[in-house]
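# Per-entry structural report
Listed here are the chains, written in short residue letters.
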Amino acid sequence: MSKKYSTIIGAFALTLTTAFITSCGNEGHDNHSDSAADTTGGHEHTYACPMHPEVVGKEGDECPKCGMDLVHNDNAGNTNEYKMNFSSSVVSPKPGEEVTLSFTPKISGKESEQVALDVVHDKKIHLIIVSKDLSWFDHIHPEYNADGSYTVAEKFPAAGEYTLFADYTPTGGNHQVEKIDLTVTGTPAASVALTAQRLTGKADGYDVTITNDAGFVTNNMLHMGATISKDGKEVAGADLENYLGAKAHVVVIGLNTMEYMHVHPEFVNGKFDLHTTFTQPGIYKGWFQFQTNGQVHTTDFVLDVKEGKSGDVQGHDHDGHDHDGHNH
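Keep in mind that this is a model prediction, so the values were computed, not measured. (Residues numbered from 1 in each chain as written. Predicted model: local features only at pLDDT ≥ 70, side-chain atom pairs only at ≥ 80, totals over all residues. Heavy atoms only, no water.)

### What about the sheet that holds strand E12 (residues 143-144)?
Taken in spatial order, the four strands line up as E8-E9-E13-E12 in an open sheet, and their pairing is antiparallel. In this open sheet, the two strands that pair with only one neighbour each are strand E8 (82-88) and E12. The pairing of E12 with strand E13 (residues 150-155) spans two bridges and is classified as antiparallel. Note on E13: the bridge partner recorded for Glu-143 is Thr-151. (Pairing = 2+ DSSP bridges. Helix = DSSP H or I, 4+ residues; strand = E, 2+ residues; numbered from the N terminus.)

### Things to note about the sheet that holds strand E6 (residues 56-57)
Pairing is antiparallel in the open sheet, where three strands are placed in the order E6-E5-E7. If you trace the sheet from one side to the other, it starts and ends with E6 and strand E7 (71-72), each paired once. Where strand E5 (residues 47-48) and E6 come together, two bridges link them in antiparallel fashion. Paired with Tyr-47 across the two strands is Gly-57, which belongs to E6.

### A look at the pairing of strand E23 (residues 271-277)
Taken across its seven residues, E23 has six buried, putting it largely inside the fold. Across six bridges, the pairing between strand E18 (residues 221-230) and E23 is antiparallel. Following the sheet pairing, Gly-225 is matched in E23 by Asp-273. (Buried < 20%, exposed > 50% of the residue type's maximum accessible area, 1.4 Å probe, protein only.)

### Points about the pairing of strand E17 (residues 206-211)
Of the two faces of E17, only the one carrying Tyr-206, Val-208 and Ile-210 is buried; Asp-207, Thr-209 and Thr-211 on the other face are not. Direction of pairing for strand E16 (residues 200-203) relative to E17: antiparallel, over a ladder of four bridges. The residue of E17 that forms the bridge with Gly-201 is Val-208. Between E16 and E17, which pair antiparallel in sequence order, lie two residues; one of them, Asp-204, sits at a positive phi of approximately 55°. Examined bridge by bridge, E17 and E18 share six bridges and lie antiparallel to one another. What sits directly across from Asp-207, in E18, is Ser-229.

### Focus: the pattern of salt bridges
Following the criterion strictly, the structure yields seven salt bridges and no others. A salt bridge links Asp-61 to Lys-58; the shortest N-O distance between them is 3.2 Å. Asp-61 sits in the buried class, given a relative accessible area of 16%. Put simply, Asp-300 and Lys-285 hold a salt bridge, and the shortest N to O gap is 3.9 Å. Placement of Asp-300 in strand E25 (residues 295-305) and of Lys-285 in strand E24 (residues 282-292) is noted, with a sequence separation of 15 residues between them. Looking at Asp-300, the relative accessible area reads 23%, which means it is partly exposed. Owing to a relative accessible area of 6%, Lys-285 belongs among the buried residues under this scheme. Each of the salt bridges in this network shares a partner with another, and the network as a whole consists of Arg-198, Lys-285 and Asp-300. (Salt bridge = Lys/Arg side-chain N within 4 Å of Asp/Glu carboxyl O.)

### With respect to the nonpolar core
One finds Ile-228, Val-252, Phe-278, Phe-288, Phe-290 and Leu-303 to be the most contacted residues of the largest nonpolar core, which totals 26 residues. Contributions of two or more residues to this core are made by E17, E18, strand E20 (249-254), E23, E24 and E25. For this core, the element with the highest residue contribution is E18, accounting for four residues. Leaving out residues up to four positions away in the same chain, Phe-290 has contacts with Tyr-206, Val-208, Ile-228, Leu-240, Lys-247, Ala-248, Gln-295, Val-296, His-297 and Thr-299. Ile-129, Tyr-162, Leu-164 and Leu-182 belong to the second-largest nonpolar core, a separate cluster that totals 24 residues. (Core = buried A, V, L, I, M, F, W, Y, C linked by side-chain atoms within 4.5 Å. Contact = heavy atoms within 4.5 Å.)

### Looking at the packing of aromatic side chains
Under the counting rule described, the total for this entry stands at 11 aromatic pairs. Measuring from ring centre to ring centre gives 5.2 Å for Phe-86 and Phe-103, while their planes differ by 45°; the resulting arrangement is tilted. Remark: Phe-103 occurs in strand E9 (residues 98-107) and Phe-86 occurs in strand E8; sequence separation between them is 17 residues. An identical accessibility class is assigned to Phe-86 and Phe-103; each is buried. The ring of Tyr-144 has Lys-124 sitting right over it, with the charged end atom 5.4 Å from the ring centre. (Phe/Tyr/Trp six-rings, centres within 6.5 Å; stacked < 30°, edge-to-face > 60°. Lys NZ or Arg CZ within 6 Å of the ring centre and 35° of its normal.)

### Concerning the side chain of Thr-104
Summarising the element assignment, Thr-104 is placed in strand E9. According to the relative accessible area criterion, Thr-104 is buried, its value standing at 16%. Once residues lying within four places of it in the same chain are set aside, the contact partners of Thr-104 are Lys-83, Met-84, Asn-85, Gly-148 and Ser-149.

Right under this line is the structure:
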């Protein structure tokens, strides 16, 4: 099994009304009206994106990567470098073999300390696993152990390369996404080619369709609609059950780059509005998860994102905001 660790700050996946792994609101933060340049008692306030903490600005600004409002960030001064130690109960797992995956959050230079994690969307770690060709997807949740590790059982369906995204928020720190590569032994099955855009996915009798009249291009804030239907009739988002604290969750991953994205849908006039910015062209696959009658449904879609330049797509206005970084 090969292990490759790299931290991606401010990644991606989709939620309705709140962010998938980090709240869209000021949960866990004080509400301040001071701008980033204002000070209180000699303390300068910093506003940052909840999902992309490297993006900072003043109160009222929006993140150019995902469109979320910047919030007062009490953790902006936290200089800790976090990492996720990973191990598997089976060194070389085989297809269909149950293995226990173990994750232990650490601070570089303070490896003896346990690292507490915040509960975000009902869980401390959201683990997304995909095959290299993105034909297989799983979203599971390791559980806490007394030694500070988090473990979960998994069975991989076929031999080949897999990528694990451990999505978590250390208490007192910013949101983290750790990327880990894992090899399942054996002869890999033929890759499933992803070449054509496909905007409708099906699961359990439901259809989910992604719409975007402006097209899919890089370097622009894109707004996509999402419509759920069953038996030809649209299903109202308000009628969906909460799944992990939200009406839906969406993860988007780049086929060639394995870029992990968190797209943020909102309710706008009773419709789903998913917004994000793609930084690189190419094929992306997304998974839209929602729950009805106690059952989680997972549909998928494929986007063919073309190269674009800033300004190719006009700003989208809703709820008194457009997405050129200014309020109205």
